[in-house]
Amino acid sequence: MIPAQEEILEVCNTLHTYSKQAELAQEKVNNIEAVQKNVAATQLLVPVIGQFSAGKSTMINTMLGSNLLPTGITPETSLATEMHYTEGEEYAEGITENGTAHRYVLFDMKKLTEDAKQYRFARVYIKNLQLKELEPLILVDMPGFDAPMEHHNKAILEYIDKGLYYIVLTKISDGTVSRTLLKRLDEIHASGRKFSLFLSNADLERSEKLAQVKQQCTDILQDTFGGTFHIEAINNTSVDSVLQCLHSIDSNALLKNLYYPQMNECTNTVLEGLNYRIKAFDMEASAIQSAQDELKRSIERVKSTAEQDIRHMKSKYSGSMVNNILRDITEALDSSADEITSAIMSQSGRAESLLNDIIRSSLVSSLERRVEEANDSIVMDFSDSVKDLSEVFKTMDIDLHYADTIVSGLQEVFKSVPMAVGTASTQLPKAMSGLLSGTAIGGLSALLTGTIGSTITTATSVVATVINPLLGIAVAAVPLLMSLFGQKTQQDTGESQVRAKVTGEVFPQIKSKLRAQLPALLQEQVGGMITQVQQQYQRVLQSQQAEFEKAMQEKQESVEANKQKKELFVGYRQEVQRILEKITTWRME
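Below you will find a few notes about this structure. Just so it is clear, the structure is predicted and the values come from calculations on it, not from any experiment.

**Details of the packing of helix α7 (residues 179-190) against helix α8 (residues 207-225)**
Then step 1. Put simply, α7 and α8 touch, their axes get as near as 12 Å, and they point 45 degrees apart. Considering the angle they form, α7 stands oblique to α8. Where α7 crosses over α8, the two elements pack in a sense that is right-handed. Packed against α7, whose contacting residues are L182, L185, D186 and H189, the element α8 presents I220, L221, T224 and F225 at the interface.
Then step 2. Grouping the amino acids of the contact of α7 with α8 by side-chain chemistry returns 5 nonpolar, 2 polar and 1 charged.

**Concerning the side chain of R277**
Then step 1. Within the secondary structure layout, R277 lies in helix α10 (residues 251-281).
Then step 2. Ignoring any residue separated from it by four or fewer positions in sequence, one finds R277 in contact with A22, E23, L24, K550, A551, E554 and F569.

**Quick look at the packing of aromatic side chains**
Then step 1. Tallied over the entire structure, the rule returns 12 aromatic pairs.
Then step 2. Arranged with centres 5.2 Å apart and planes meeting at 25 degrees, the rings of F195 and F229 form a pair that is stacked. Of this pair, F195 sits in strand β8 (residues 194-200) while F229 sits in the loop between α8 and β9 (230-233), and the two are 34 residues apart along the sequence.
Then step 3. Accessibility expressed as a relative area gives 5% for F195, which makes it buried.
Then step 4. Between the aromatic rings of F382 and Y537, the centroid separation amounts to 6.1 Å while the plane-to-plane angle is 35 degrees, which identifies the pairing as tilted.

**Considerations on the nonpolar core**
Then step 1. Counting residues in each nonpolar core, the largest one holds 70 residues, and the members touching the most others are M59, I167 and M263.
Then step 2. The leading source of residues in this core is α10, at 12 residues.
Then step 3. Once you skip the residues sitting within four places of it in the chain, M263 turns out to touch I8, V11, C12, L15, V35, I583 and W586.
Then step 4. If you look at the next biggest cluster of nonpolar residues, it comprises 67 residues, including F382, F393, V502 and I510.

**Let's talk about the sheet that holds strand β3 (residues 91-95)**
Then step 1. Strand order in this open sheet of 9 strands is β4-β3-β5-β2-β6-β1-β7-β8-β9, and the pairing throughout is mixed. Edge strands, defined here as strands with exactly one partner in the open sheet, are β4 (101-104) and β9. The sheet shows a mean angle of 25 degrees between the axes of neighbouring strands, taken without regard to direction.
Then step 2. Note: β8 against β9, 4 bridges, orientation parallel. Bridge pairing links S196 to H230 in β9.
Then step 3. Its contacts with the sheet place helix α3 (residues 56-64) against β1 (44-50), β2 (81-85), β5 (121-126), β6 (137-141) and β7 (165-171), and it is angled at close to 130 degrees to β1.

**Overview of the pattern of salt bridges**
Then step 1. Under the criterion given, the structure shown has 23 salt bridges.
Then step 2. Ionic pairing is found between K28 and E547, a salt bridge with its closest N-O pair at 2.9 Å. Of this pair, K28 sits in helix α2 (residues 26-41) while E547 sits in helix α20 (residues 495-554), placing them 519 residues apart in sequence. Both residues of the pair, K28 and E547, belong to the buried class.
Then step 3. The partner of R499 in a salt bridge is D338, with the nearest N and O atoms 2.6 Å apart. With a gap of 161 residues between them, R499 in helix α20 and D338 in helix α13 (residues 337-346) connect regions that are remote in the sequence.
Then step 4. Residue classification places R499 among the partly exposed residues on the basis of a relative accessible area of 30%.
Then step 5. In this structure, a network of salt bridges that share partners links the residues R277, E554, E557 and K565.

**Digging into the pairing of β6**
Then step 1. Here β6 lies mainly inside the structure; 5 of its 5 residues are buried.
Then step 2. The pairing of β1 with β6 spans 5 bridges and is parallel. From the neighbouring strand, V48 faces β6, where its bridge partner is D141.
Then step 3. Sheet topology note: the β2/β6 ladder contains 3 bridges and is antiparallel. Looking at β6, one finds that T81 is bridged to D141.

**Some remarks on α7**
Then step 1. Over its 12 residues, α7 runs 16 Å from end to end, which matches the ideal 16 Å to within 8%, given 1.5 Å per residue.
Then step 2. The complete set of buried residues in α7 reads T180, L181, K183, R184, L185, E187 and I188.
Then step 3. Its side-chain oxygen 3.1 Å from the backbone nitrogen of L181, S178 forms the N-cap of α7.

**Brief notes about the pairing of β7**
Then step 1. Most of β7 is tucked away: 6 of the 7 residues are buried.
Then step 2. Inspection of the sheet shows β1 paired to β7 by 3 bridges, in the parallel sense. For V48, the partnering residue across the bridge sits in β7 and is I167.
Then step 3. Note that β7 and β8 share 7 bridges and pair parallel. Following the sheet pairing, Y165 is matched in β8 by K194.
Then step 4. Each parallel crossover has a hand, and the one from β7 via α7 to β8 is right-handed.

**Topic: the environment of A551**
Then step 1. Mapped onto the elements of the fold, A551 is located in helix α20.
Then step 2. You can call A551 buried: its relative accessible area is 4%.
Then step 3. For the pair A551 and Y276, spaced 275 residues apart in sequence, the C-alpha to C-alpha distance is 9.2 Å.
Then step 4. Once you skip the residues sitting within four places of it in the chain, A551 turns out to touch R277, A280 and I288.

The rules we used
- Residues numbered from 1 in each chain as written.
- Predicted model: local features only at pLDDT ≥ 70, side-chain atom pairs only at ≥ 80, totals over all residues.
- Heavy atoms only, no water.
- Axes fitted to C-alpha atoms, helices over the stretch in contact; angles between N-to-C directions.
- Helix = DSSP H or I, 4+ residues; strand = E, 2+ residues; numbered from the N terminus.
- Parallel < 35°, antiparallel > 145°, perpendicular 65-115°, else oblique.
- Left-handed = near helix turned anticlockwise from the far one by under 90°.
- Contact = heavy atoms within 4.5 Å.
- Nonpolar A, V, L, I, M, F, W, Y, C, P; charged D, E, K, R; others polar.
- Phe/Tyr/Trp six-rings, centres within 6.5 Å; stacked < 30°, edge-to-face > 60°.
- Buried < 20%, exposed > 50% of the residue type's maximum accessible area, 1.4 Å probe, protein only.
- Core = buried A, V, L, I, M, F, W, Y, C linked by side-chain atoms within 4.5 Å.
- Pairing = 2+ DSSP bridges.
- Salt bridge = Lys/Arg side-chain N within 4 Å of Asp/Glu carboxyl O.
- Expected span 1.5 Å × (residues − 1).
- Polar contact = N/O pair within 3.5 Å; in protein donor to acceptor, adjacent residues only side chain to side chain.
- Right-handed = clockwise from strand over helix to strand, strands pointing away.

This is the structure:
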C-alpha cells in the first residue's frame with residue numbers, strides 16, 4: 001500500500017469515527033466505509049496502448065529482459081495482459097467473464113493466447129527485477145486498436161476506467177497521430193488521466209524525420225487538448241526513456257487526485273451533518289418538531305408521485321434521448337466518411353475496425369451525455385416535493401439552500417463513478433463518465449453513492465447496461481462493408497462511388513438498426529432512473545429525519561450534557577474543516 005492510500009484511509013477513519021460519535025445518519029457511515037474498501041483494493045494499472053504491431057509487447061519484453069509476451073501474434077489471439085511481480089511461484093492465468101481464474105504454465109503463453117476468446121483479460125505473475133522496481137505500478141499489455149472488434153471493445157471497456165496513467169505507442173512510420181489513436185487519447189484525456197506518447201521503431205528512420213514526426217505529433221496533441229505532453233522516440237532494443245517515464249510517475253499525487261471527488265463528498269457530508277447537529281442544540285423543541293413534520297410531508301409527496309406523471313417522464317425523456325443519440329451518431333459517421341472511404345480504397349483491411357471504433361466511441365459519448373441530461377431533468381421534476389421544506393429550513397436558518405443542495409447533489413452523484421478496483425469490474429470506462437471533471441460535490445449527495453439497491457446508480461452503469469446490445473446491433477452492419485467492397489469491386493470503383501455507397505447504404509443501415517432497438521432499451525433505463533431518483537429523495541429526507549429525531553431525544557437530556565456534546569461536535573467540525581482544506585490540495589489541474 002502506497003502512502004497516498006494510507007493517507008486517504010486515515011482521513012476515512014477520522015470521518016468514520018466522528019460520524020459514529022456524533023451519531024450521524026447511517027448512510028453517511030456506509031459511504032465512508034465504501035470509499036475505504038475501494039481505496040484499499042485499488043490497483044495502480046498502467047495500460048500500454050497502441051495499434052496492432054506498434055511494438056507494445058516487444059517494448060515490454062525489452063523492459064523485462066525476457067521474451068515473456070508473445071510477439072507477432074494475430075489480432076484474433078490478442079488479450080489484455082497484466083504484469084504482476086511475485087516473490088512466489090511464477091504462473092499465468094486467464095480471467096473469465098464471471099471472474100474465475102484458469103491457471104497456465106508461465107512459459108506456455110502461446111496456449112493462453114490460443115484460448116484468448118474465453119477470457120476478459122490475463123494476468124502473469126513473475127519474479128522480475130524491473131517489475132519489482134516499478135511497484136506499485138502494474139503494466140498492462142493491451143490488444144491493438146485493430147484487434148477483432150469483440151476483443152478490442154472488451155479490452156477498452158475493461159481497462160479505460162482502471163488506468164492510473166497510460167503509455168501510448170505509435171509507429172514512427174505512421175508519421176502522425178492517426179484519427180483512431182486520437183479518439184483513444186480523447187477518451188483518456190476526458191477521464192482526467194494522463195499519458196505519454198512514444199514513437200516506436202525510431203532506429204529505422206533518419207534523425208530529421210524523427211524530429212519532424214515528433215513536432216507534428218506535439219502540434220496535434222496541443223491543438224486537440226491544450227497543455228504540454230511527453231513525447232519521445234524509442235527503438236526495439238532501448239526503452240530507457242519509457243522506464244524513466246514510468247519511474248517519474250507520481251503515483252501518490254495521481255491516486256489522491258483520482259479519489260478527490262469521493263473524499264470531498266464524504267467530508268462535506270460529515271461537515272454538513274455536524275452543522276445540523278450543532279445547530280439543533282440551539283433550537284427549541286417546537287422548531288425541531290416543525291422541521292420534522294415538514295420532512296414527513298415531503299417524504300409522502302415524493303412517495304405519492306402519480307403513476308401518470310412517471311409514465312409521462314418515461315416517455316418524454318426516452319423519446320428525446322433516441323432522437324439526440326441518433327443525431328450524434330449521424331454527425332460522427334458523416335464526419336468520418338472520408339476516412340472510412342480512404343481505408344476501403346487502400347485495401348488495408350482497416351475499414352471494419354475503423355468503423356467499429358467510430359460507432360463505439362460515438363455511442364458511448366452520446367449515451368453518457370444524454371442519460372446525464374435526462375437524469376438532470378428527472379431530478380428537477382421531483383424537486384417540487386421539497387420546496388416547502390426548503391422554505392421552512394430557510395426561515396429557521398437551518399439551511400438557506402436545502403432544495404438546491406439536494407438537486408445539485410443528486411445530479412452530480414449520477415455523473416460520478418468510483419474508480420474500478422480489483423479485477424472483477426465490468427463497469428464501463430471512466431473516461432466515459434467524467435469522474436475527475438466534476439466540481440466539488442457538497443453535503444447530501446454523498447448519502448446516495450453506492451448505497452442504493454438498484455443496479456442503475458450512475459450514468460456509467462446506465463451506459464454499461466445498454467452499450468453491449470447497442471454495439472452488437474450497430475456493428476452487425478459493419479460486414480456490409482466487405483459485401484459491398486470486395487477486392488475486385490474496389491479496383492473498379494472510384495473513390496466518389498465508394499463514398500456514396502458508404503454514406504448511402506452502410507450508414508443508413510446502422511442508423512436504421514439503432515432506431516429500431518433504441519426506444520425499448522432506453523425506456524427501460526429511464527424507468528429505472530426515475531425510480532432511483534424517487535428513492536434517492538426519500539433517502540436524503542429520511543436521513544435528515546433521523547438526525548432531527550436524535551436532536552429531539554437530546555432535548556430530554558440535561559443542559560450540561562448537551563453543552564458538553566455541542567463542544568465536542570464543534571471540535572469535530574473544526575477538525576473536519578481542516579481535513580477539507582487538506583483534501584482540496586489533492587486536486588490536480
